[in-house]
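Take a look at the letters that make up each chain.
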Amino acid sequence: MLVDPTTAVPTAVEPDEEDPVSHAFDPVRPQLIRLTDVAAAAGARPLPSVLADVHVTGAAVATEDLRPGWLFVAVPGRHGHGVRHVSAARASGAVAVLTDQTGAREATRSGLPTVVVRDPRAVLGAVARTVSVTADLGFPLLGVTGTNGKTSTVSVLDAIMRRLGWTTAMTSTAERRIADEVVASRLTTPEATELHAFLARARERSVDGAAIEVSAQGLSRHRVDGVHFDVAGFTNLSHDHLDDYADMDEYLRAKLRLFRPDRAARGVVSLDSAAGRAVVAEAGIPVETITSEPRTVADWHVTVLDQHADGTRFRIDGSDVSMTTVVPLLGRHMAANVGLAVAMLRAAGIPAADLVAAAGGSLDVVVPGRMADASSPTGPRVFVDFAHTPDAFAKSLEAIRAFATGPVGIVLGADGDRDPSKREAMGTVAASLADVVVVADHHPRFEDPDGIRAAILRGARGVPGTARVVELPDPAQAIRHALAAVGDDGVVYWAGPGLTDYRDVRGVHVPYSSFRDAQAALAEAGHPAREAVSAC
């Protein structure tokens, strides 16, 4: 029975670190919090006694997220100061404002009680924790950071916890869920106000455990401030986000913040990338290590036993845990993500026997947008993936090579207005590991798509060998060319779009589903899609 990934999970939009977020999970029973307590949490001057009876029940940094009775946090942004929206905030029911000296005068003129601090974003976590009353959650909280594998590891953590019989909560690049409530995500890591509201709602639903994907930007921009994890996990570090960070060292240092005592009690670190040893060396908390590399010494080991087009079988060994399992995920890197999840849950105190019972034998996991299988019963296999880094391309293509019996093709593009330094390397990896490389457009945004493709093509055409490199800007043409080029016994890996249902062209979301177009292209070639059913 085939599960259609476009119906099994909400269609997630491309995460955009600048998009406003919405409060999809507000507490149903918020508490009245005195504004004087909020000011104290923010480190502001004591408020006049006349404000002693002012209370708030929530907080937001965007006026569209505000609810009556909430605190409006006016922060400076790239395109102006949030205080310019204070009138709209008041109209939405805001009862007070938190801002900086720049915004203080206009906030005060609005007539709303105003709390002034030097840097409102820096205190947003403490404020959100106070307003949402999340200092003591009453359930284990697991956080995962790294370049690649965060969403997969969070999804596996959630799947194992549910197999334990737990009611769970999770937030990732792809989706946010509390028990049976699910919404698509806008940011990899929510704003602090949204995250704390999410945790308060999870507590109301009596969840037994929660997993959170933690981005470098989430750490740098104070989005996880005020949150304390029982266990922090590290997947890997590779070339990405150098539009936000000066170099790879600064990028790593952003992620290292998760491994401080004020952020987490314990950690589990993968040694599958060189950065893992740096995390272990500089962590300020006790850490265990895990690896899928046979010759690397670690506390936990993951050993791949078999790889095929429908999943991976592997063994996980720790000091008191040994199990063999099969997951419907492709590649050694996915096995490593499962191992990391198991080790994190063991570090959180889950008994070894319970973990073996929950994850041993087989484990059903759906990771939205990761290696989504658009294949037909006949013809070439097609996997549509969310990957957008050279390292992710390499791992996915290596996973495909492990079972492919025919030519391997890749369709790829790169996001406009995002780290251009990785584009040439993306082309290099593609031409090094695939037989057919088709360079197309993805989300050009406000950038010239010709220049984006040119950078990828420089890398691809600079690789000596036999890979056929083709430039076809239209993704619909690109997938059809790739399918024809690999033939009926080949495999096509479409890297980048995942399950997004649009392309961002100069700020316009042009409707387009790579997954559904791949199915259409196969049908046109005489390979109609298998009957699919929604997951229950």
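Computed from a predicted model, the values in this text were never measured in an experiment.

How each quantity is defined
- Residues numbered from 1 in each chain as written.
- Predicted model: local features only at pLDDT ≥ 70, side-chain atom pairs only at ≥ 80, totals over all residues.
- Heavy atoms only, no water.
- Helix = DSSP H or I, 4+ residues; strand = E, 2+ residues; numbered from the N terminus.
- Polar contact = N/O pair within 3.5 Å; in protein donor to acceptor, adjacent residues only side chain to side chain.
- Contact = heavy atoms within 4.5 Å.
- Axes fitted to C-alpha atoms, helices over the stretch in contact; angles between N-to-C directions.
- Parallel < 35°, antiparallel > 145°, perpendicular 65-115°, else oblique.
- Left-handed = near helix turned anticlockwise from the far one by under 90°.
- Nonpolar A, V, L, I, M, F, W, Y, C, P; charged D, E, K, R; others polar.
- Pairing = 2+ DSSP bridges.

Chemist: Describe unusual backbone geometry, and please don't skip the residues or the numbers.
Modeler: Non-glycine residue arginine 445 carries a positive phi angle of around 50°. Note on placement: arginine 445 falls in the loop between β24 (436–439) and α15 (449–461). Positive phi, normally seen in glycine, also occurs at arginine 506, with a value near 55°. Relative to the helices and strands, arginine 506 resides in the loop between β27 (502–505) and β28 (508–511).

Chemist: Tell me about the side chain of aspartate 441, and name the residues and values.
Modeler: Residue placement: aspartate 441 occurs in the loop between β24 and α15. A polar contact is formed between the side chain of aspartate 441 and the side chain of arginine 453, at a distance of 2.7 Å. In contact with aspartate 441, other than residues within four places in its own chain, are Pro449, Arg453, Pro473, Pro475 and Arg503.

Chemist: Now, about the packing of helix α14 (residues 423–433) against α15: what can you tell me, with residues and values included?
Modeler: Where α14 contacts α15, the two axes come as close as 6 Å, and the packing angle between them is 45°. The pairing of α14 with α15 is recorded here as oblique in orientation. Note on packing geometry: the crossing formed by α14 with α15 is right-handed. Here Arg423, Glu424, Gly427, Thr428 and Ala431 of α14 come into contact with α15, specifically with Ile452, Ala455, Ile456, Arg458, Gly459 and Ala460. Partitioning the contact of α14 with α15 into residue classes produces five nonpolar, three polar and three charged.

Chemist: Which residues make up the sheet that holds strand β21 (residues 372–373), and what are the values?
Modeler: The strand order β21-β22-β26-β23-β24-β25 describes an open sheet built from six strands, whose pairing is mixed. With one partner strand each, in any of the chains shown, β21 and β25 (468–471) form the two edges of the open sheet. Of the pairings in the sheet, the one linking strand β23 (residues 408–412) to strand β26 (residues 491–495) comprises five bridges and is parallel in character. Bridge pairing in β26 places valine 411 opposite tryptophan 494. Against the sheet, helix α13 (residues 390–401) makes contact with β22 (381–385), β23 and β26, and its axis sits at roughly 165° relative to β26, the strand it touches most. This element, helix α17 (residues 514–524), spans β21, β22 and β26 of the sheet and lies at about 165° to β22.

Chemist: Quick rundown of the sheet that holds strand β10 (residues 141–145)? Include the residues and the values.
Modeler: Taken together, eleven strands build an open sheet; the order of strands is β13-β12-β11-β14-β10-β15-β16-β17-β18-β19-β20 and the sheet is mixed. In the strand order of this sheet, the two ends are held by β13 (181–184) and β20 (322–327), each with one partner. Mean inter-strand twist for the sheet, computed between neighbouring axes without regard to direction, equals 20°. With four bridges connecting them, strand β16 (residues 264–270) and strand β17 (residues 287–291) associate as parallel partners. If you follow valine 269 over to β17, its bridge partner there is threonine 289.

Any link to function would need more than the numbers given here.
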